[in-house]
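Coordinate inspection notes
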Amino acid sequence: MADRPEPPTWAVEQPALTALAVVGAGLGILVLLPYLQYVLFGGVLAYILLPLQSRLEKHVRPMIAATISVITAVLVILIPLVYLLNVALRQTTQLVDAIRTENIDLEMIESELADNGYPVDLAGLYDSYQDAISTAVEGLANSVLDIVGGLPSVAIGLTITLFVCFALLRDGEDLLEWLYRVVPIDDEIQRELFAELDGLMEASVISNVLVAAIQAVLLGAGLIVLGIPAVVLLTLLTFVLTLLPLVGSFGVWLPVSIYLVAVGRPVAAGALTVYGVLVMLSDTYLRPALIGRTSAFNSTIAVIGIFGGLITFGAVGLFIGPVVLGGAKVALDLFARERAG
């Protein structure tokens, strides 16, 4: 059996200071936990704004550049996002009203399904599950009220996000130097680890956000042409679903196509189906064009990282989850390499 390595001399010679550092780090983590997702969101936002920050620093001081970058983020990202969410919330009611007021021919849908070998009694199903549907609608309404009631907490969280973003943009280099001093890992290994994490972050943000945004805009344009109600809501829903693996825009255009058939617009339904398939196929070309043919992410890390990140970190887990999981793999690979060496 190999001998265990001796503890570092500084840990033995300064036990009180070591304990104080561990306790301080633990307490710091406890303070961060309630707003961890907003802190992480600030980090993602700072990463997105880093190219703008670098260009501005060529002409002005880092503090002024960081201020301009944060203001740009508020004007270009946060305010439009809040506005779109507000419009989408209002369009939810409009979409429900539109479905209720349309003359949906259930008998025609049942006949089409029966001809294809799927006999079903839609009216009977509705009667059977009417209580469950009412409960689900009530739950959705309560969720909306909870979101509205939690707006003060969201405002505090977004304030934290902006401060974190500002600090990282202004003092990012100082933070890296501090990590090199504090983290008990060889500087060269830290640089290699940070380089790998940078590649993971770039692939995560670009491949997820940009591809989802392009597909959402494409499908939204098609919905506008067909005169579908609540386009903003459906476009935002497409964006969210496209961020998730194994779902994509299919989760929007298929129900809308079924709706069009139900209201007697089979030609529009067929056109939307063809267009939706083309939008989905564009993913095959968009990701390689935007991030290159990199092996930074494999399908397992992407799927587990996104869903696990959503549960662990909230919405920001869409971007952080794959990075954390991929970063863990990189750290273990570096550990195994150094131990073997």
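Keep in mind that what you see is a predicted model, and the values were worked out from it rather than measured.

Cut-offs used in this document
- Residues numbered from 1 in each chain as written.
- Predicted model: local features only at pLDDT ≥ 70, side-chain atom pairs only at ≥ 80, totals over all residues.
- Heavy atoms only, no water.
- Core = buried A, V, L, I, M, F, W, Y, C linked by side-chain atoms within 4.5 Å.
- Buried < 20%, exposed > 50% of the residue type's maximum accessible area, 1.4 Å probe, protein only.
- Helix = DSSP H or I, 4+ residues; strand = E, 2+ residues; numbered from the N terminus.
- Contact = heavy atoms within 4.5 Å.
- 1 Å grid on protein atoms, 1.4 Å probe; cavity = no way out; pocket = protein on both sides within 12 Å on 5 of 7 lines; lining within 4 Å.
- Points joined across faces, edges and corners; volume = space filled by probe spheres on them.
- Patch = residues over 30% accessible without salt bridge, like charges linked within 9 Å, V, L, I, M, F, W, Y side chains within 5 Å.
- Areas by Shrake-Rupley, 256 points an atom, 1.4 Å probe, with all protein chains shown as cover.
- Salt bridge = Lys/Arg side-chain N within 4 Å of Asp/Glu carboxyl O.
- Lys, Arg positive; Asp, Glu negative; His and termini not counted.
- Charge placed at Lys NZ, Arg CZ, Asp CG, Glu CD.
- Axes fitted to C-alpha atoms, helices over the stretch in contact; angles between N-to-C directions.
- Parallel < 35°, antiparallel > 145°, perpendicular 65-115°, else oblique.
- Nonpolar A, V, L, I, M, F, W, Y, C, P; charged D, E, K, R; others polar.
- Expected span 1.5 Å × (residues − 1).
- Phe/Tyr/Trp six-rings, centres within 6.5 Å; stacked < 30°, edge-to-face > 60°.
- Lys NZ or Arg CZ within 6 Å of the ring centre and 35° of its normal.

Within the largest apolar cluster, 34 residues are counted, with the highest numbers of intra-cluster contacts made by Val44, Leu223, Ile228, Val256, Leu260 and Leu272. Contributing elements (two or more residues each) for this core: helix H9 (187-225), helix H10 (231-243), helix H11 (250-262), helix H12 (266-291), helix H13 (299-313) and helix H14 (317-340). When residues in this core are grouped by element, the largest group, eight residues, is from H9. Discounting chain neighbours no more than four positions away, the residues touching leucine 260 are Leu226, Ile228, Arg265, Pro266, Ala268, Ala269 and Leu272. Membership of the second largest hydrophobic core comes to nine residues, among which are Val70, Ala73, Cys165 and Leu169.

What follows deals with the layout of surface pockets. Quantified by volume, the second largest pocket comes out at close to 1600 Å³. Considering the residues around the second largest pocket, the lining is formed by 37 residues, among which Leu175, Leu176, Leu179, Phe194 and Leu197 are closest to the centre. For the lining of the second largest pocket, the secondary structure elements donating two or more residues are helix H3 (36-56), helix H8 (151-182), H9 and H14. If you tally residues by element for the lining of the second largest pocket, the top one is H8, at 12 residues.

Taken together, the side chains of Glu57, Glu173, Asp174 and Glu177 define an acidic patch exposed on the protein surface. Residue position: glutamate 57 is located in the loop between H3 and helix H4 (62-101). With a relative accessible area of 35%, glutamate 57 lands in the partly exposed category.

This part is about the packing of H10 against H11. Interaxial distance between H10 and H11 falls to 8 Å at its minimum, and their mutual angle equals 140°. The angle between H10 and H11 falls in the class oblique. In this structure, H10 contributes Leu234, Leu237, Thr238 and Leu241 to the contact, and H11 contributes Gly251, Val252 and Val256. For the contact of H10 with H11, the class distribution of residues is five nonpolar, two polar and no charged.

Together, Val23, Leu27, Ile29, Leu30 and Leu33 make up an exposed nonpolar region whose accessible area comes to about 490 Å². Inspection of the secondary structure puts valine 23 in helix H2 (residues 15-32). For valine 23, a relative accessible area of 47% gives the class partly exposed.

We now examine the pattern of salt bridges. Taken as a whole and judged by the stated rule, the model has four salt bridges. For arginine 170, the salt bridge is made with aspartate 171, and the minimal N-O distance between the two is 2.9 Å. Judged by its relative accessible area of 33%, arginine 170 is partly exposed. Of the charged contacts in the structure, one is a salt bridge between aspartate 333 and lysine 329, with a shortest N-O distance of 3.1 Å. In this pair, aspartate 333 and lysine 329 both sit in helix H14, four residues apart, roughly one turn of the helix. Aspartate 333 gets classed as partly exposed once you look at its relative accessible area, which sits at 42%.

On the secondary structure map, glycine 222 appears in helix H9. Taking relative accessible area as the criterion, glycine 222 reaches 12% and is therefore assigned buried. Taking the C-alpha atoms as reference points, glycine 222 and tryptophan 253, 31 residues apart in sequence, are found 9.7 Å from one another.

A few words on H11. Helix length check: H11 (13 residues) gives 18 Å between terminal C-alpha atoms against 18 Å at 1.5 Å per residue, within 8%. All buried positions along H11 are accounted for by Val252, Trp253, Val256, Ser257, Tyr259, Leu260 and Ala262. Downstream of H11 by a residue or two, glycine 264 has a phi angle that is positive, lying close to 85°.

Turning to its location among the elements, isoleucine 214 is positioned in helix H9. Overall, isoleucine 214 belongs to the partly exposed group, its relative accessible area being 28%. Expressed as a C-alpha distance, the spacing of isoleucine 214 and serine 282, which sit 68 residues apart in the sequence, is 9.4 Å.

Summed over all chains, the structure comprises three aromatic pairs. Seen from their ring centres, tyrosine 35 and tyrosine 38 are 6.0 Å apart, and the 50° between their planes marks the pair as tilted. On the basis of relative accessible area, tyrosine 38 is assigned to the buried category, the value being 15%. One Lys or Arg, arginine 191, reaches over the ring of tyrosine 180 and ends 5.2 Å from the middle of that ring.

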